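Working through the structure, step by step
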Amino acid sequence: MFKILKKTELAPQVFRYLLNAPDIAKKALPGQFIIIRLDEIGERIPLTISDADPIQGTLTLYVQVIGKTSMEMSRMKVDDFILDVVGPLGNPSLIDLFGTVVLVGGGFGIAAIHPIASALTQAGNKTLSILGARTKELVILEKEMSVASTKVHVATDDGTHGTKGLVTDILLKLIEKKEPIDRVIAIGPLIMMKAVADLTRPHKIPTLVSMNPIMIDGTGMCGACRVTVGGKMKFACVDGPEFDGHEVDFQGLLNRMNTYIPEEAEAKEKYLKETEGKCRIAEIVQIYG
Amino acid sequence: MKKYAQPYKTPRTHAPEQNPEKRRKNFQEVSLGYTPAMAQLEASRCIQCKKPKCVIGCPVRVAIPDFLEQVAKGNFLEAAHIIKESNPLPGVTGRVCPQEDQCEKHCVIGIKGEPLAIGKLERFVADYERTHQDLKPIETVPSTGKKIAIIGAGPAGLATAGDLAKLGHEVVIFEALHKPGGVLFYGIPEFRLPKEILEAELDYLKRLGVEIKVNYVIGKIKSLDELMKEDGFNAIFIGTGAGLPYFLDIPGENLNGVYSANEFLTRINLMHAWEFPVFDTPIHHHKIFAVIGGGNTALDAARTALRLATTEKVMLVYRRSREELPARKEEIEHAEAEGIEFHYLASPIDIKGTNGWVSKIVCEKMELGEPDASGRKQPHSLHNSAFTLTTDSVIIALGSGVNPLIAKSSSDIKTDHHGHIEVADPNINLTSRPGVFAGGDIVTGAATVISAMEAGKKAAQGIHQYVMKFEV
Ligand SMILES: Cc1cc2nc3c(=O)[nH]c(=O)nc-3n(C[C@H](O)[C@H](O)[C@H](O)COP(=O)(O)OP(=O)(O)OC[C@H]3O[C@@H](n4cnc5c(N)ncnc54)[C@H](O)[C@@H]3O)c2cc1C
Ligand SMILES: Cc1cc2nc3c(=O)[nH]c(=O)nc-3n(C[C@H](O)[C@H](O)[C@H](O)COP(=O)(O)OP(=O)(O)OC[C@H]3O[C@@H](n4cnc5c(N)ncnc54)[C@H](O)[C@@H]3O)c2cc1C
Ligand code: SF4
Ligand code: SF4
Ligand code: FES
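This one's a predicted model, so the numbers in the text were calculated from it and none came from an experiment.

Before going further, it helps to examine the overall build of chain B. The secondary structure content of chain B amounts to 19 helices and 16 strands. Taken along the three principal axes of its C-alpha coordinates, chain B extends 70 × 65 × 50 Å. In chain B, which comprises 472 residues, the proportion classed as buried is 59%. Within chain B, contacts between residues at least 6 apart in sequence are counted, and of these 70% link residues at least 24 apart.

Below, the structure is given as structure tokens:
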């Protein structure tokens with residue numbers, strides 16, 4: 001049993017949690033994730049470890065409400081317990097002195113990019129972060145990101161904050177300004193990561209993306225998380241989650257992410273009916289992309 | 001006790017089963033097991049051989065004639081205690097051992113007649129003990145003060161844990177999933193091995209003093225070094241299994257509706273997807289399934305698929321013929337009776353899709369040639385023999401490789417080129433690293449429940465000797 005110590009709503013349907021998980025906190029590194037199961041009937045869902053405090057024994061998580069499980073979690077309170085938490089899973093991000101690194105975070109991907117940005121900055125890199133969201137109130141962690149990185153750029157679809165447009169517009173400008181970019185790391189919706197990879201490919205800038213396929217066990221046992229990278233089948237939970245963005249078959253993954261749409265809607269509807277809650281699902285789905 | 005004059009001629013007592021028409025749509029156990037009278041009748045066919053061949057066929061050497069004698073006399077609890085001396089999970093093995101290749105294969109009665117139904121009797125005895133709360137109190141052994149870590153709660157780890165606890169060691173099992181049991185939990189379905197049986201046998205281990213910690217992926221949350229140096233474990237057993245699913249490496253494997261058997265069975269058995277939406281994990285509502293393979297895993301996947309509410313048809317596609325099917329004989333017969341459609345001598349070469357979803361598979365016809373290294377006839381594809389099967393789902397059950405997590409995190413554990421952990425001393429299952437032992441599928445590749453338990457028991461002996469060496 002893992003206790004929720006703190007919970008904050010950062011933006012509509014985006015929550016931050018501080019979770020008590022001392023053994024995992026001791027070992028977690030930037031880029032790794034956990035899999036949680038809320039209760040006996042729950043499904044197993046992966047969440048990125050956004051920060052880990054080995055002394056306090058805590059993990060910081062950011063959760064975007066998408067379907068039933070994330071919604072149920074958003075209704076949990078401080079002092080509630082999560083039944084199962086397993087991790088740290090996946091390979092940590094490679095932290096080294098690369099030179100200039102551009103970090104692109106979209107939506108809740110910003111939470112995943114944050115610990116990587118911190119570590120890269122500490123390792124002596126010049127870190128340029130680009131945060132993207134649909135609208136101003138969904139730009140999370142801007143303050144933390146400006147501490148963690150050398151410089152922060154923001155793009156919103158509707159222009160309510162930062163540059164009006166997409167994260168790739170800013171990235172393109174940096175490339176055009178002949179900023180010497182040694183590496184790009186992009187985490188966010190698949191469409192965004194694909195756009196970033198397509199943009200950097202002709203410029204031969206090494207680009208890493210973090211894959212978020214459907215997972216079950218997270219230990220390499222089920223193959224649900226398979227992605228094709230450079231023509232080879234890889235399991236995101238043990239071989240990733242970061243892969244070479246220029247080699248990933250985004251189209252294949254986009255298709256596989258649709259597998260459970262009808263069933264997920266069914267689960268959510270049932271849950272909403274049972275709890276008589278209100279939800280802004282249409283809007284949330286739009287945010288998520 | 002009644003003795004048969006001609007045990008060879010006395011027919012074997014068959015355990016009643018759920019009617020195929022009924023069971024093909026439910027998850028309840030297929031075989032209903034013996035009544036006490038049936039068990040006594042069957043056990044009394046045993047002629048109590050002086051040199052019992054049956055025992056040689058059993059990897060853990062259950063004292064078969066001794067327990068059969070007690071069953072024949074009606075002393076079922078005594079029989080249970082005899083079995084448990086060498087086999088801590090009889091309710092499981094009685095159900096899933098390929099008895100026709102092991103104990104029963106060697107039974108002398110089988111030479112002229114039908115061999116003793118040792119598996120069904122073992123199962124009966126275990127069930128009797130479980131349902132008759134007269135559990136013999138567990139003798140407490142003096143503590144040795146030694147701590148042993150077991151990685152993986154599959155049959156190998158559970159058998160090791162049981163034996164070590166009985167010797168007075170403090171045993172902690174670390175399991176990656178949220179439920180212990182390994183394949184017994186996530187792989188083998190309810191209609192073949194009810195979870196209740198497994199729970200009861202796990203309970204027995206807990207009563208022996210074994211602690212089971214779930215949600216611990218060793219190699220990630222802790223390394224072997226940390227277990228030994230920081231947590232003070234004196235020895236380690238690795239029983240992490242062969243859980244890495246193979247795919248076919250043919251076009252279309254990323255279409256929606258393609259599953260590894262592990263994913264499909266895990267969704268159902270571990271996550272209860274067949275009870276969606278009461279449980280949160282879904283399985284897509286398919287109408288037709290094509291299962292590729294012919295082992296226990298393939299048959300379990302096929303028969304599980306058949307039991308889902310929306311399923312209309314399940315096909316099994318196997319590249320050899322019925323004779324070569326590696327699955328247990330009983331499962332093959334059950335699958336046939338339930339109406340699984342078997343396509344022999346066929347091998348898929350392409351999975352075709354419509355709008356991202358599986359719509360059919362293209363297969364080639366095969367013929368059998370000379371026996372290969374495994375002794376089975378090698379299949380060859382026939383020229384220009386492609387044909388298609390219409391289906392909206394494909395389950396790939398081609399076996400599995402070993403999980404690299406532990407070996408990756410600990411460079412001093414030697415593995416072969418397939419990633420199997422090598423044992424330096426096969427009598428005690430010691431690895432290349434002092435104090436670290438291994439056994440089960442992680443060493444042998446995918447094998448059987450009882451062979452994993454055998455390896456675990458050997459390792460337990462090795463561990464016991466190893467930790468006691470340091471006694472002052
Ligand atoms: C490595 C990794 C790290 C992640 N980190 C975070 C994070 O830090 N914060 C966060 O909010 N979300 C994160 N996600 C996504 C998160 O797991 C999904 O949003 C969650 O599973 C949705 O569950 P649900 O029941 O609320 O929605 P559902 O109704 O189950 O799903 C809605 C959609 O979410 C996706 N999805 C469903 N199940 C999964 C699954 N098991 N894994 C991945 N995607 C799924 C699918 O595209 C699906 O169509 C991460 C995913 C991965 C793989
Ligand atoms: C569907 C199916 C049906 C089968 N049917 C039969 C049958 O009828 N009869 C028969 O005899 N055999 C059968 N088998 C084979 C048999 O189940 C296996 O040979 C046996 O389970 C192997 O036991 P094991 O303990 O080595 O590994 P497993 O049962 O695979 O258990 C390994 C355990 O280790 C855990 N683990 C892995 N990595 C880690 C880690 N890093 N840290 C912590 N824990 C970890 C896993 O989660 C798992 O619980 C079947 C197999 C399958 C898949
Ligand atoms: S453990 Fe398996 S092989 Fe041994 S006696 Fe029991 S059923 Fe037969
Ligand atoms: S070989 Fe057959 S008859 Fe002989 S002891 Fe074993 S079970 Fe009994
Ligand atoms: S989640 Fe099962 S193999 Fe990756």
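On to the site of ligand 4, then. Around ligand 4, the neighbouring residues are Cys46, Ile47, Cys49, Pro52, Cys54, Pro65, Leu68, Cys107, Val108, Ile109 and Leu116 of chain B. Considering only residue class, the shell around ligand 4 consists of 11 nonpolar, no polar and no charged.

We now examine the domain arrangement of chain B. All names here are of chain B. The domain architecture assigned to chain B consists of domain 1 (7-131), domain 2 (147-243 + 402-467) and domain 3 (245-400). When each unit is reduced to the centre of its C-alpha atoms, the spacing between domain 1 and domain 2 is 27 Å. The interface is formed by 24 residues belonging to domain 1 together with 22 residues belonging to domain 2. Taken together, both faces of the contact between domain 1 and domain 2 bury some 2100 Å²; the carbon and sulfur share is 72%. Looking at the side of domain 1 facing domain 2, the largest losses of area belong to Pro88, Leu89 and Arg130, adding up to 27% of the total buried there. For the pair domain 1 and domain 2, the interface holds 1 salt bridge. Where domain 1 touches domain 2, the interface holds 7 residue pairs in polar contact (both at pLDDT 80 or more). Elements supplying a minimum of two residues to the side of domain 1 that touches domain 2: helix 5 (76-86), helix 6 (90-96) and helix 9 (118-131). Looking at side-chain class alone, the side of domain 1 that touches domain 2 contains 12 nonpolar, 6 polar and 6 charged residues.

Right, let's talk about the environment of Lys179 of chain B for a bit. With respect to the secondary-structure elements, Lys179 of chain B resides in the loop between strand 2 (170-174) and helix 11 (183-186). Linking Lys179 of chain B and Ala153 of chain B, residues 26 residues apart in sequence, is a C-alpha distance of 8.6 Å. Leave out the neighbours within four places in its chain, and Lys179 of chain B touches Glu40 of chain A together with Phe185, Val214 and Leu270 of chain B.

This brings us to the sheet that holds strand 2 of chain B. Residue and element names in this part refer to chain B. The 5 strands lie next to each other as 3-2-1-4-16, forming an open sheet whose pairing is parallel. Each edge of the open sheet is held by one strand with a lone partner, namely strand 3 (211-213) and strand 16 (436-438). In this sheet, adjacent strand axes meet at a mean angle of 20 degrees when their direction is disregarded. Of the pairings in the sheet, the one linking strand 2 to strand 3 comprises 3 bridges and is parallel in character. By the bridge assignment for strand 3, Ile173 is matched with Ile212. Each of strand 1 (147-151), strand 2 and strand 4 (235-238) touches helix 10 (residues 155-166); the most contacted strand, strand 2, lies at about 165 degrees to it.

Moving on to the nonpolar core. Residues and elements named next belong to chain B. Ile64, Phe67, Val71 and Leu121 are the most contacted members of the largest nonpolar core, which totals 78 residues. Both domain 1 (7-131) and domain 2 (147-243 + 402-467) contribute no fewer than three residues apiece to this core. Residues contacting Phe67, with those up to four places away along its chain left out, are Val62, Ala79, Ile82, Ile83, Ile118, Leu121, Glu122 and Val125.

As a further point, take the sheet that holds strand 2 (residues 14-20) of chain A. All names here are of chain A. In space, the 5 strands of this open sheet follow the order 5-6-2-1-7, with antiparallel pairing throughout. Since the sheet does not close on itself, it has two edges, and those belong to strand 5 (51-53) and strand 7 (81-82), each with one partner. Both strand 5 and strand 6 (residues 58-64) contribute to a ladder of 3 bridges, which runs antiparallel. Looking at strand 6, one finds that Asp51 is bridged to Thr60.

This part covers the interface of chain A and chain B. On the side of chain B, 45 residues touch chain A, which itself brings 45 residues to the contact. For the pairing of chain A and chain B, the buried interface totals around 3900 Å² over both sides, and the portion due to carbon and sulfur atoms is 52%. Between the two partners, chain A and chain B, sit 3 salt bridges. A salt bridge links Glu226 of chain B to Lys27 of chain A; its shortest N-O distance comes to 2.7 Å. For the interface between chain A and chain B, the tally reads 17 residue pairs in polar contact (both at pLDDT 80 or more). At the level of elements, helix 1 (22-27), helix 2 (68-74), strand 8 (84-89), strand 15 (226-229), strand 16 (232-235), helix 8 (250-256) and helix 9 (261-275) of chain A are the ones that each hand at least two residues to the side of chain A that touches chain B. When residues in the side of chain A that touches chain B are grouped by element, the largest group, 6 residues, is from strand 8 of chain A. Among the residues forming the side of chain A that touches chain B, the class breakdown is 17 nonpolar, 13 polar and 15 charged.

Moving on to the site of ligand 1. All names here are of chain A. Within the structure, ligand 1 sits among 22 residues, and Pro46, Tyr62, Gln64, Ser70 and Glu264 are positioned closest to it. Residue Glu43 places a side-chain N or O atom 3.0 Å away from an oxygen atom belonging to ligand 1. Within the backbone of Pro213, one N or O atom sits 3.3 Å away from a nitrogen atom of ligand 1. Its free accessible area being 850 Å², ligand 1 has 94% of it covered by the protein chains. Elements with a minimum of two residues in the shell around ligand 1: strand 4 (45-48), strand 6 and helix 2.

Let us now look at helix 9 of chain B. Residue and element names in this part refer to chain B. For helix 9, spanning 14 residues, the distance from its first C-alpha to its last is 20 Å, which sits close to the expected 20 Å at 1.5 Å a residue. Burial of helix 9 is extensive: 11 of the 14 residues sit out of reach of the surface. Buried within helix 9 we find Ile118, Gly119, Lys120, Leu121, Glu122, Arg123, Phe124, Val125, Ala126, Asp127 and Glu129.

The next subject is unusual backbone geometry. Between Gly240 of chain A and Pro241 of chain A the backbone carries a cis peptide bond, its omega angle lying at 10 degrees. Here Pro241 of chain A shows up in the loop between helix 7 (236-239) and strand 17 (242-244). The amide bond that connects Phe276 of chain B to the next residue, Pro277 of chain B, takes the cis arrangement and shows omega of 5 degrees. Tracing the chain through its elements places Pro277 of chain B in the loop between helix 14 (261-270) and strand 7 (288-292).

Residue and element names in this part refer to chain B. Following the criterion strictly, the structure yields 13 aromatic pairs over all chains and no others. Ring plane angle 50 degrees and centroid distance 6.4 Å describe the contact between Phe27 and Phe191, whose orientation is recorded as tilted. One end of the pair, Phe27, is in the loop between helix 1 (20-23) and helix 2 (36-43); the other, Phe191, is in the loop between helix 11 and helix 12 (195-207), with 164 residues separating them in the sequence. Comparing Phe27 with Phe191 shows no difference in burial state: the two are buried. A centroid spacing of 4.1 Å and a plane angle of 25 degrees characterise the contact between Phe27 and Trp274, whose relative ring orientation is stacked.

Parameters at a glance
Every chain is numbered independently, its residues counted from 1 as its sequence is written. In the order they appear in the text, chains get letters beginning with A and ligands get numbers beginning with 1. It should be noted that, the model being predicted, local features are given only for residues of pLDDT at least 70 and side-chain atom pairs only at 80 or more, the latter also being counted only at that level, while totals for whole chains, interfaces and linings use all residues. Water and hydrogen atoms were dropped before computing side-chain values, which therefore reflect all heavy atoms in the structure. Helix and strand definitions follow DSSP, with helices as H or I runs of at least four residues and strands as E runs of at least two, each counted in order from the N terminus. In this scheme, a residue with accessible area under 20% of its type's maximum is buried, one over 50% is exposed, and one in between is partly exposed, where area comes from a 1.4 Å probe on protein chains only. Two residues form a contact once any of their heavy atoms are found within 4.5 Å. A cutoff of 4 Å decides nearness: a residue is near a molecule or strand if any of its heavy atoms lies inside that distance of it. Three residue categories are used. Nonpolar comprises Ala, Val, Leu, Ile, Met, Phe, Trp, Tyr, Cys and Pro, charged comprises Asp, Glu, Lys and Arg, and polar comprises the others, including Gly. Domain segmentation is taken from an automatic or database assignment of domains. Buried area: the sum, over both parts, of the accessible surface (1.4 Å probe) that disappears when the two are put together. For this analysis, a salt bridge means a side-chain nitrogen from Lys or Arg found within 4 Å of a carboxyl oxygen belonging to Asp or Glu. N or O atoms closer than or at 3.5 Å make up a polar contact, with two conditions inside protein: a donor-capable atom paired with an acceptor-capable one, and, for residues adjacent in sequence, both atoms drawn from side chains. For two strands to be treated as a pair, DSSP must find at least two bridges joining them. An axis is simply a line fitted to the C-alpha atoms; with a helix, the fit covers only the stretch in contact. Between two such axes, the angle follows the N-to-C directions and lies from 0 to 180 degrees. Here, the term nonpolar core denotes a set of buried Ala, Val, Leu, Ile, Met, Phe, Trp, Tyr and Cys residues that are joined through side-chain atoms within 4.5 Å. Note on areas: Shrake-Rupley with a 1.4 Å probe; residue coverage comes only from the protein chains shown. A helix's residues, less one, multiplied by 1.5 Å, set its expected span. Planes of paired rings set the category: under 30 degrees apart is stacked, over 60 is edge-to-face and the rest tilted, where pairs are Phe, Tyr or Trp rings (Trp by its six-membered ring) whose centres lie within 6.5 Å.

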